[in-house]
Amino acid sequence: MSIAERADAPIYASLVREHGDVLSEARRVAEQAQREVSEVLDFSRMTSLSGGPAAR
């Protein structure tokens, strides 16, 4: 059951019906951004200037 379907949150459910589930959409976009940043900032694939694996 989603938060919008809970009987004890009628105001929230009404807002979700009117404007969409903004919290769920924000969570989805944040998770997508986090995945993209993780791929871009994956330093494990970096190589040193000599062409070998990066020194640790």
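Provided above is the structure to which this section pertains.
Residues numbered from 1 in each chain as written. Predicted model: local features only at pLDDT ≥ 70, side-chain atom pairs only at ≥ 80, totals over all residues. Heavy atoms only, no water.

Draft legend 1. Geometry of the overall build of the protein chain. Tallying secondary structure elements over the protein chain gives two helices and zero strands in all. A total of 56 residues make up the protein chain; the buried ones form 7% of that total. Counting only carbon and sulfur atoms, one obtains 59% of the accessible surface of the protein chain, whose full area is about 5,100 Å². (Helix = DSSP H or I, 4+ residues; strand = E, 2+ residues; numbered from the N terminus. Buried < 20%, exposed > 50% of the residue type's maximum accessible area, 1.4 Å probe, protein only. Areas by Shrake-Rupley, 256 points an atom, 1.4 Å probe, with all protein chains shown as cover.)

Draft legend 2. The pattern of salt bridges, seen in detail. As enumerated under the stated definition, the model contains one salt bridge in all. Here E25 ties to R28 by a salt bridge, and the two come within 2.7 Å at their closest N and O atoms. Residue E25 and its partner R28 are located together in helix α2 (residues 22-40), separated by three residues, close to a single helical turn. (Salt bridge = Lys/Arg side-chain N within 4 Å of Asp/Glu carboxyl O.)

Keep in mind these numbers describe shape, not what the thing actually does.
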